[in-house]
Amino acid sequence: MTTLKNELIGTWRLLSYIEVPINGVDSKFPMGKNPKGLLMQNAEGYMSMQISSSERSQFSSADRYQASADELISHVQGFIAFAGPYKINESKAVIQYALSTSSYPNWEGKIQERRVDFDGDVLYLKSVEPILSNGEYVNSYMTWHRIEEEEFLSRRERFLEYTSRSVQEEIRTRDMEDFQE
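Because the structure is predicted, anything quoted here is derived from the model rather than measured.

(A) Geometry of the side chain of Ser133. When you line up the elements, Ser133 lands in strand E9 (residues 131-133). In this structure Ser133 comes out as buried when scored by relative accessible area, which is 16%. Aside from chain neighbours lying at most four places away, what touches Ser133 is Glu19 and Val138.

(B) Main features of the layout of surface pockets. Quantified by volume, the largest pocket comes out at close to 910 Å³. Sorting elements by how many residues they give to the lining of the largest pocket places strand E7 (residues 111-119) first, with four residues.

(C) Structural detail: empty space enclosed by the protein. Enumeration over the complete set of coordinates arrives at one cavity of 30 Å³ or more. The volume enclosed by the largest cavity comes to roughly 60 Å³. Around the largest cavity, the lining residues are Tyr17, Met49, Ile51, Ile80, Phe82, Trp107, Arg114, Ile131, Ser140 and Met142. Looking at the lining of the largest cavity, the elements with two or more residues in it are strand E3 (46-52), strand E4 (79-89) and strand E10 (136-146). Classifying every residue of the lining of the largest cavity by side-chain character gives eight nonpolar, one polar and one charged.

(D) Seen up close, the nonpolar core. By size, the foremost hydrophobic cluster in this structure holds 24 residues, and its most contacted members are Leu39, Met49, Ile51, Tyr97, Leu125 and Trp144. If sequence neighbours within four positions are ignored, Tyr97 has contacts with Leu39, Gln41, Met47, Phe82, Pro85, Tyr86, Lys110, Ile111, Gln112, Arg114 and Leu125.

What counts and how
- Residues numbered from 1 in each chain as written.
- Predicted model: local features only at pLDDT ≥ 70, side-chain atom pairs only at ≥ 80, totals over all residues.
- Heavy atoms only, no water.
- Helix = DSSP H or I, 4+ residues; strand = E, 2+ residues; numbered from the N terminus.
- Buried < 20%, exposed > 50% of the residue type's maximum accessible area, 1.4 Å probe, protein only.
- Contact = heavy atoms within 4.5 Å.
- 1 Å grid on protein atoms, 1.4 Å probe; cavity = no way out; pocket = protein on both sides within 12 Å on 5 of 7 lines; lining within 4 Å.
- Points joined across faces, edges and corners; volume = space filled by probe spheres on them.
- Nonpolar A, V, L, I, M, F, W, Y, C, P; charged D, E, K, R; others polar.
- Core = buried A, V, L, I, M, F, W, Y, C linked by side-chain atoms within 4.5 Å.

Scope: geometric values only; no functional claims are made or implied.
Laid out in structure tokens, this is it:
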């Protein structure tokens, strides 16, 4: 018999992030309709999550510490990240994230709880309690898709091929330099 924890372990790619106000008004997409994100949960009980708006612009400077005030505001509003240990309540199908670090410092040291549901390789996480977002209480809904092992293997193969070509080119260059001396 598989446990909820075994089902959650792995790396997940974000499909959607939606906030539904508790007062019944229309749903919101605070990270745009096509957000980017990764959720990683390991067997040792630690997790990391990052979500960013696909609509964020690049900074005008190559130095991240030289961003304008508007660029910094856009960055803060278009990015959520947190990490820390987690535990699972199997009977309630709830995961609890104990945040040891967060892009929003007020969450550090706090617990974030999410209801868990699956449909094949799709993971649904819903806030257990409403959260305050842009001045109103909302329930957050995140939909994630498991990143398959084959995708990791393919990336590893491409990396090895690239590094192998780079090393071969470096050896050829050195050989040519030695030959010309």
